[in-house]
Amino acid sequence: MLKPISESKIAIVGLGYVGLPLAVAFAEKLQTIGYDIDSKRVLELQNGHDRTLEIEDNELANVLVESVDQLQSDKRGLLVTDEIINITTCNIFIVTVPTPTDKHNRPVLTPMLKASGMIGKILKKGDIVIYESTVYPGVTEDECVPVLEKISGLKFNVDFFAGYSPERINPGDKQHTVTKILKVTSGSTPEIADYVDKLYRSVIVAGTHKASSIKVAEAAKVIENSQRDINIAFVNELSKIFNLLEIDTHEVLAAAGTKWNFLPFKPGLVGGHCIGVDPFYLAQKAQEVGYHPEIILAGRRLNDSMGKYVATEVIKLMMRKNLKVIDSKVLILGFTFKEDCPDVRNTRVIDIYNELKSFDMEVDVYDPWADSKEVMHEYGINIFNQEDKPNLSEYSAIILAVAHKEFLKLEIQKSENLVVFDVKGIFSRSKVDARL
């Protein structure tokens, strides 16, 4: 028997860029428990701070509770925990764990399967498990549900149910927050689909779109970012062509953009946990059913080549100015995967760094948004941050890789002794040697 939504207790499994904003949104109206296996992350949130900067400290303080008793008494709020026992009384489990790819670009479902196994141990009759992580069509029902059944001993669509509602978080975007982005929903039966849709409509002010099946919802998510990836690959290819023709790509795009239906994509590095990853999930499933996805993989190859391309262009420009390449000092501005955001997951700036290092150049990175400890842990490099800024006069080349607002304040000007390459096209054309 399904509980009325107003009486439901929600567990959000995974408190990263996706899970925490969703947990805060639900906590404003319902009893919500945020669970994460990272004890350090849990302690940080219990102390009222989100290092991802997706949730302001005052927003978090507004919903945080200290105990299950307080949660039950208030009938709303967010309890953050790393103890499974605290989520055993929940009847709705929403899984928001990462779905990365491995070094061969193959989907890694391990976090989802482990989360499913953990939930299976405490699953009860009438419970609903909703997945938000990006996957290829079929993962929820073909991969995760069997784990839930096996470990719980319960029967799918008889004792427990499932749903899928793909996350639509845009890290660093304070305008398009979780409740202001229309949400796709789905359920394992028509009744559950209605229930899941109503659940999300209770917090998503932008509204919802109920898909006809879980597989449709899964497919919708994975093609959203695949489409963006392909479009960016197209303008990246244009930038290579226009560079050879000695035409400024941004000026061409501005002119073409005067047509009402021209899509406003710009060239650049494509990283992060969505656009740079999701197409591989769709490609994997396509290959499993015997189809080789040519356009999707071609777009991925081209976008993944842009870091090396930028480094090569910088070296050419240095040689044209008779600047020494080997042992020269180069500064990369920005390391996160996008502007005004601390997220360094799958950043393609590392490709520029590695290519320059292969020419025995001394490469420094300055990023006031990135956590230097996280960058060292994930990528093994030291970076300058807010407390330790580089001296710009020491470098033979400066590469603007990420368009942080802080970089617009820097006094940077190309000269006979300095190459300036603007990946993002935010500096005045007169100040730079080249841009994508």
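Everything numeric here is computed off the predicted structure, so don't read it as measured data. (Residues numbered from 1 in each chain as written. Predicted model: local features only at pLDDT ≥ 70, side-chain atom pairs only at ≥ 80, totals over all residues. Heavy atoms only, no water.)

Colleague: Can you walk me through the sheet that holds strand S11 (residues 397-400) in this structure?
Modeller: One key point about sheets: their strands pair by backbone hydrogen bonds, in either a parallel or an antiparallel sense. Pairing is parallel across the open sheet formed by five strands, whose spatial order is S10-S9-S11-S12-S13. In the strand order of this sheet, the two ends are held by strand S10 (362-366) and strand S13 (434-435), each with one partner. Both strand S12 (residues 419-422) and S13 contribute to a ladder of two bridges, which runs parallel. Residue pairing across strands places Phe 421 opposite Ala 434, the latter belonging to S13. Helix H12 (residues 306-320) contacts S11, S12 and S13 of the sheet and is inclined by roughly 155° relative to S12. The strands that helix H13 (residues 349-357) touches are strand S9 (329-333), S10 and S11; relative to S9, the one it contacts most, it runs at about 175°. (Pairing = 2+ DSSP bridges. Helix = DSSP H or I, 4+ residues; strand = E, 2+ residues; numbered from the N terminus. Contact = heavy atoms within 4.5 Å. Axes fitted to C-alpha atoms, helices over the stretch in contact; angles between N-to-C directions.)

Colleague: Just to check I follow, could you spell out the layout of surface pockets for this structure?
Modeller: If you roll a probe as big as a water molecule over the atoms, it shows you where there is empty space left. Roughly 1,200 Å³ of volume is contained in the second largest pocket. Forming the walls of the second largest pocket are 40 residues, and the residues nearest its centre are Asn 170, Arg 228, Ile 275, Phe 337 and Lys 338. Ranked by residues supplied to the lining of the second largest pocket, first place goes to helix H8 (residues 214-244) with five residues. Of the residues contributing to the lining of the second largest pocket, the split by class is 17 nonpolar, ten polar and 13 charged. (1 Å grid on protein atoms, 1.4 Å probe; cavity = no way out; pocket = protein on both sides within 12 Å on 5 of 7 lines; lining within 4 Å. Points joined across faces, edges and corners; volume = space filled by probe spheres on them. Nonpolar A, V, L, I, M, F, W, Y, C, P; charged D, E, K, R; others polar.)

Colleague: When you look at H8 in this model, what are you seeing that I'm missing?
Modeller: Every α-helix winds through 3.6 residues per turn, so residues three or four apart in the chain are directed the same way. Spanning 31 residues, H8 covers 46 Å between terminal C-alpha atoms, matching the ideal 45 Å at 1.5 Å per step. The first or second residue beyond H8 is Glu 246, which carries a positive phi of 60°. (Expected span 1.5 Å × (residues − 1).)

Colleague: When you look at a negative patch on the surface in this model, what are you seeing that I'm missing?
Modeller: Among the surface-exposed residues, Glu 28, Glu 56, Asp 57 and Glu 59 lie close enough to one another that they form a single negatively charged patch. Its relative accessible area of 39% is what places Asp 57 among the partly exposed residues. (Patch = residues over 30% accessible without salt bridge, like charges linked within 9 Å, V, L, I, M, F, W, Y side chains within 5 Å. Areas by Shrake-Rupley, 256 points an atom, 1.4 Å probe, with all protein chains shown as cover. Salt bridge = Lys/Arg side-chain N within 4 Å of Asp/Glu carboxyl O. Lys, Arg positive; Asp, Glu negative; His and termini not counted. Charge placed at Lys NZ, Arg CZ, Asp CG, Glu CD. Buried < 20%, exposed > 50% of the residue type's maximum accessible area, 1.4 Å probe, protein only.)

Colleague: Quick question: what am I supposed to make of the pairing of S9 here?
Modeller: Sheet faces and side chains relate simply in a regular strand, where the side chains alternate between the two faces. For S9, a buried count of four out of five residues is recorded, marking the element as mostly surrounded by other parts of the structure. Here S9 pairs with S10 via five bridges, running parallel. Across the sheet, the residue bridging to Ile 332 is Val 365, located in S10. In this sheet, S11 lies alongside S9 in parallel orientation, the contact comprising four bridges. Each bridged residue has a counterpart across the sheet, and for Ile 332 the counterpart in S11 is Ile 399.

In short, the description is geometric, and any link to function would need to be established separately.
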